[in-house]
Amino acid sequence: MSSHSTGCMIMTTSDSDSVSEGQEFFNMFYIGINIENILYGIELFLFFKTIRILLSNRGTRKKKIILFYVLFSSTMVFTVTVWVATQAMFGQKLWLLDSDFPGGPAAYWRKNIAIWYIDWGTTAIVVLQLMTDALMIYRCWIIWPKPRIVVVPILLWLATLILGVAVDWTTSSPGGDYFTGVSTPLSLAYWSIAVFLTTSLTCIICYRLVRHANMVQEYLGNEYASSYFTIVTVIVESVLPYTLSGIAALVSLGAASPTSVMFVSVYFLMMCISPQMLILRVLAKTALGNNASSRPGSTVKFTPRSVDMSGPQCLESNGARLHVQSLSDVNLSDTSGKVRVSEV
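First, a word on scope: everything that follows refers to the structure included in this document. (Residues numbered from 1 in each chain as written. Predicted model: local features only at pLDDT ≥ 70, side-chain atom pairs only at ≥ 80, totals over all residues. Heavy atoms only, no water.)

Describing the packing of helix H6 (residues 116-143) against helix H8 (residues 183-220)
Between H6 and H8, whose axes approach to 10 Å, the crossing angle comes to 25 degrees. Comparing their axes, H8 and H6 come out roughly parallel. Relative to H8, H6 is oriented so that their crossing is left-handed. Where H6 approaches H8, its residues Ile125, Val126, Gln129, Asp133, Met136, Ile137, Cys140 and Ile143 are matched on the opposing element by Tyr190, Trp191, Ala194, Leu197, Thr198, Leu201, Thr202, Ile204, Ile205 and Arg208. Taken together, the residues of the contact of H6 with H8 break down into 13 nonpolar, three polar and two charged. (Axes fitted to C-alpha atoms, helices over the stretch in contact; angles between N-to-C directions. Helix = DSSP H or I, 4+ residues; strand = E, 2+ residues; numbered from the N terminus. Parallel < 35°, antiparallel > 145°, perpendicular 65-115°, else oblique. Left-handed = near helix turned anticlockwise from the far one by under 90°. Contact = heavy atoms within 4.5 Å. Nonpolar A, V, L, I, M, F, W, Y, C, P; charged D, E, K, R; others polar.)

Remarks on the nonpolar core
Counting 57 residues, the largest nonpolar core has Trp191, Tyr267, Phe268 and Met271 as its most contacted members. Mapped by element, the contributors of at least two residues to this core are helix H3 (23-56), helix H4 (63-97), H6, helix H7 (147-172), H8, helix H11 (240-254) and helix H12 (260-283). Looking at which element gives the most residues to this core, the answer is H12, with twelve residues. Within the second largest apolar cluster, 16 residues are counted, among which are Ile33, Ala106, Ile115 and Met262. (Core = buried A, V, L, I, M, F, W, Y, C linked by side-chain atoms within 4.5 Å. Buried < 20%, exposed > 50% of the residue type's maximum accessible area, 1.4 Å probe, protein only.)

Considerations on the packing of aromatic side chains
Under the defined criterion, the tally for this structure stands at 19 aromatic pairs. The interplanar angle of 65 degrees and the centroid separation of 5.3 Å between the aromatic rings of Phe47 and Phe48 together place this pair among those described as edge-to-face. The class of Phe48 is exposed, set by a relative accessible area of 55%. Clustering of aromatic rings is evident, with ring pairs tying together Phe25, Phe26, Phe29, Tyr30, Phe90, Trp95, Phe101, Tyr108 and Trp109. (Phe/Tyr/Trp six-rings, centres within 6.5 Å; stacked < 30°, edge-to-face > 60°.)

Thoughts on the pattern of salt bridges
Summed over all chains, the structure comprises two salt bridges. Here Arg139 makes a salt bridge to Glu237, at a shortest N to O gap of 3.0 Å. Here Arg139 is found in helix H6, whereas its partner Glu237 is found in helix H10 (residues 231-237), with 98 residues between them in sequence. The salt bridge partner of Glu237 is Arg281, with a shortest N-O separation of 3.2 Å. One end of the pair, Glu237, is in helix H10; the other, Arg281, is in helix H12, and 44 residues separate them in sequence. Here Glu237 and Arg281 have matching classes, each one buried. (Salt bridge = Lys/Arg side-chain N within 4 Å of Asp/Glu carboxyl O.)

Brief notes about H7
An α-helical turn contains 3.6 residues, so any two residues separated by three or four positions project in the same direction. Taking 1.5 Å of rise per residue, 26 residues should cover 38 Å, and H7 covers 37 Å from first to last C-alpha, within 8% of that figure. Every buried residue of H7 is accounted for by Ile149, Val150, Pro153, Leu156, Thr160, Leu163, Gly164, Val167, Asp168, Thr170 and Thr171. (Expected span 1.5 Å × (residues − 1).)

Quick look at the side chain of Gln276
By the secondary structure assignment, Gln276 is in helix H12. Ignoring any residue separated from it by four or fewer positions in sequence, one finds Gln276 in contact with Glu43, Leu46, Phe47, Thr50, Ser73 and Met76.

Just geometry here; none of it tells us what the structure is for.
Shown next as structure tokens:
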């Protein structure tokens, strides 16, 4: 990687100067740029596939839903494009156009990491982080619609909003950068809270999925549980690649490792790719909701106690009620009540 956003995370450590001067750091920087380009190509593929699905199914979806997904996906692609472009510009100047800069690449990095176009990349990444985490909070609400579950993530998101604006403001001011002054602790706090927020949301979503998987397995067996809650489901629904890359980036930065610049590159691109995969899954009607997930073959519904469950094949177990209805959908909602299995 190279620019201000990378500098925002990399240069918050006390050993940043010694790390940046090492040859290994710039090797990792070069590898990170190449990884970014590969991941950017994957993101473009996912984006155009999303747009194609939206345009081909216009008659079956509400215009507001189509407009939302188009605008959200387009904004994500725009922000990550700004980031990748600023990285390319900085790398070109670092190694080619200004290769004879006095002091070499390390001196050029320290002098120009706060250059004007790097501020664009920083702003784009802050916007992308806020968008991605907001989408995760929404998905968490869809899967587990209880206010007490999302209140803490919302507060953390508001904290990242305030800190993100503060970091962008202080580093974009004349003479401001991530190396000195109040920008250093602000940026460290910002990214720490952002990664913690993402990790918390992933844990909540994974817990909800595994909890339902165990419930389905208990009453219907492994065949149904494995169909509804696969590894792909957990990875995509919980945006696990985004979370893991964020943890890796934060840990490597805390350890002042030269590999941090590479992990940050992966983290920023996963910030766009993971939600795009989730949107594709939603459009394909395979994403889990608060009361439904599809599978050809059967319908499982967890219904409240108030529902009349008189009839044959009624089972009670741990206060849960399960109702096999038809050969179409699976519904998971309230888990209190009885268990009823009706013949198809």
